[in-house]
Amino acid sequence: MVGKGLSKYVYSGAAIATLAALTACGGNTEDAGGANSDGVVELSFWASANPDRDDFKLTMERVEQFNEEHDEIQINVETTAHADYRTRLNTQAAGGQLPDIFQVWPGAELQPLVDGEAVGSLNNIVDHWTEDDLLNDDALADFTFDGEVYAIPTAQNPTSFVFYNVDMLNEMGYEEFPDTYDDFKKLIEDVREQDMTPIALGNSASWPLQSVYISTIADRFTGNDFIPEVLEGNRSFTDDDFVEALGVIEEMVEIGAFNEDLNTLDDNQMLEYFLQERSAMVIDGNWGAISMLTNKPDDMNIGIAPFPLGDTPTISTVYGNSWAVNSDLEGEEREAAETFFKWMFSEDFYQELIGVGRIVAADVEAPEGADLDPLFVDMLELTQASPPAPVYDAVLPQAVNNVLQNELQAITIGRSTPEEAAQNIQNAVNAQ
């Protein structure tokens, strides 16, 4: 049971103001690790909390199991609500007050922590996973800087699937999900004629339109190399193809694809909206599927499809749910952290994650005898068949990504046009 272990954990949902820049970030919190009077090495660990999700529960169970099996090490977990975790991490990093172990995001979000010397290299133990090909170079690429690996991922995160109510669409005459954008717009129109919301959207935190929507939609127009070329100065966000991609967001708002309160609901509420059959569809990442499998009514038949646009069915994908260690750890504390990582990120753990509906970062088979839900199997097959596209917040500098997210939100309320938004995003690039 999860309850006994979780009773020891602290949940914090308070938002903390984000600081503008990271300074040199090494250093632990007041509850930092070290050997206590009994000779037990205690390590603090921060994680982003999704307490209703089975993969989060599994992870907490595994941490508790580690503590039970290792009398000489104690991992003290402190969790923060998912919507507030990034803010807390960046704020504490700027103050040099990070824990011993902490959850991080890849690429552009991890780089400031690397540049600020907040995270320690894992190169001395990375062979533990790469020698047997449990993790390959692709899985570690977004956590590697100048040849040094700074985090170990658990999951592969496709961020953009259309989940739809199969029975609802069947009743409207749709035996299959539309495979063209024009037909998709016709479906949206047909759902509206039923006095129902076509697509549930919760963008109050501003990242869903970026990570779930535009990362995939824009790739269908621009191709995979667009962001590197923009950052190198060879292309621009004001190029016609990216402006066209922003126009898709504007058009979907104009045709009434979303609920009117899209900027006040969060991503959990948008899933509830869909599961309560108040909308015919919801667009979300693979983490959304986990929540659906946990919380959907038994008789609800959910289908999955790629966003129907363009000739190449790319899906924005990034490796994630990754953990790093504080650069200040040394001696017995660093050794204890390495022991924890080697134990935690095992073949068994990755297989158990598959068993609860997670697409994992490791090269492992599904657990023998696993009763996998058809929705998860369909999602896995769709992921394997779809070329990956970059997720914008994993490759853009954070300041640029913030402007992108704000501009996407502005488009939804008519305060910015695609052309204006594109120029403002490019201005942020030019200011870097």
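I will try to describe carefully the structure that is included in this document. What you see is a predicted model, and the numbers here were worked out from it, not measured in a lab. (Residues numbered from 1 in each chain as written. Predicted model: local features only at pLDDT ≥ 70, side-chain atom pairs only at ≥ 80, totals over all residues. Heavy atoms only, no water.)

## Re the pattern of salt bridges
(1) Moving on: Counted by the stated rule, this structure contains 11 salt bridges.
(2) Moving on: Asp-55 is the salt-bridge partner of Arg-358, the closest N and O atoms lying 2.9 Å from each other. Separated by 303 residues along the polypeptide, Arg-358 in the loop between helix H15 (347-355) and helix H16 (374-385) and Asp-55 in helix H2 (residues 54-69) bring together distant segments of the chain. Like Arg-358, the residue Asp-55 is buried in the burial classification.
(3) Moving on: In this structure, Asp-239 and Arg-235 form a salt bridge, with 3.0 Å as the shortest nitrogen-oxygen distance.
(4) Moving on: Connected through salt bridges with shared partners, the residues Arg-53, Asp-55 and Arg-358 form a single ionic network. (Salt bridge = Lys/Arg side-chain N within 4 Å of Asp/Glu carboxyl O. Helix = DSSP H or I, 4+ residues; strand = E, 2+ residues; numbered from the N terminus. Buried < 20%, exposed > 50% of the residue type's maximum accessible area, 1.4 Å probe, protein only.)

## Section: helix H9 (residues 208-222)
(1) Moving on: For H9, which comprises 15 residues, the first-to-last C-alpha distance of 20 Å matches the rise-based estimate of 21 Å (1.5 Å per residue) to within 8%.
(2) Moving on: The largest bend in H9 amounts to roughly 45 degrees and is located at Ile-214.
(3) Moving on: With 14 of 15 residues buried, H9 is to be regarded as a mostly interior element.
(4) Moving on: Backbone geometry just downstream of H9 places Gly-223 in the positive-phi region, at approximately 85 degrees. (Expected span 1.5 Å × (residues − 1). Bend = angle between axes of the 7 residues up to and from the residue.)

## A few points about the packing of aromatic side chains
(1) Moving on: What the rule picks out here adds up to 23 aromatic pairs.
(2) Moving on: Here the aromatic rings of Trp-323 and Phe-340 are separated by 5.9 Å at their centres, their planes lie at 10 degrees, and the arrangement is stacked. In this pair, Trp-323 is assigned in strand E14 (residues 322-325) and Phe-340 in helix H14 (residues 331-344), connecting sequence segments 17 residues apart.
(3) Moving on: A residue is classified by how much of its surface remains accessible, and Trp-323, at 2% relative accessible area, is buried. (Phe/Tyr/Trp six-rings, centres within 6.5 Å; stacked < 30°, edge-to-face > 60°.)

## Some remarks on the packing of H2 against H14
(1) Moving on: It is the contact of H2 with H14, at a shortest axis distance of 11 Å, that shows an interaxial angle of 125 degrees. In terms of their interaxial angle, H2 and H14 are classed as oblique. As H2 packs across H14, the resulting crossing turns out to be right-handed. Only Thr-339, Phe-340, Trp-343 and Met-344 of H14 make contact with H2, whose side of the interface consists of Thr-59, Arg-62, Val-63, Gln-65, Phe-66 and Glu-69. (Axes fitted to C-alpha atoms, helices over the stretch in contact; angles between N-to-C directions. Parallel < 35°, antiparallel > 145°, perpendicular 65-115°, else oblique. Left-handed = near helix turned anticlockwise from the far one by under 90°. Contact = heavy atoms within 4.5 Å.)

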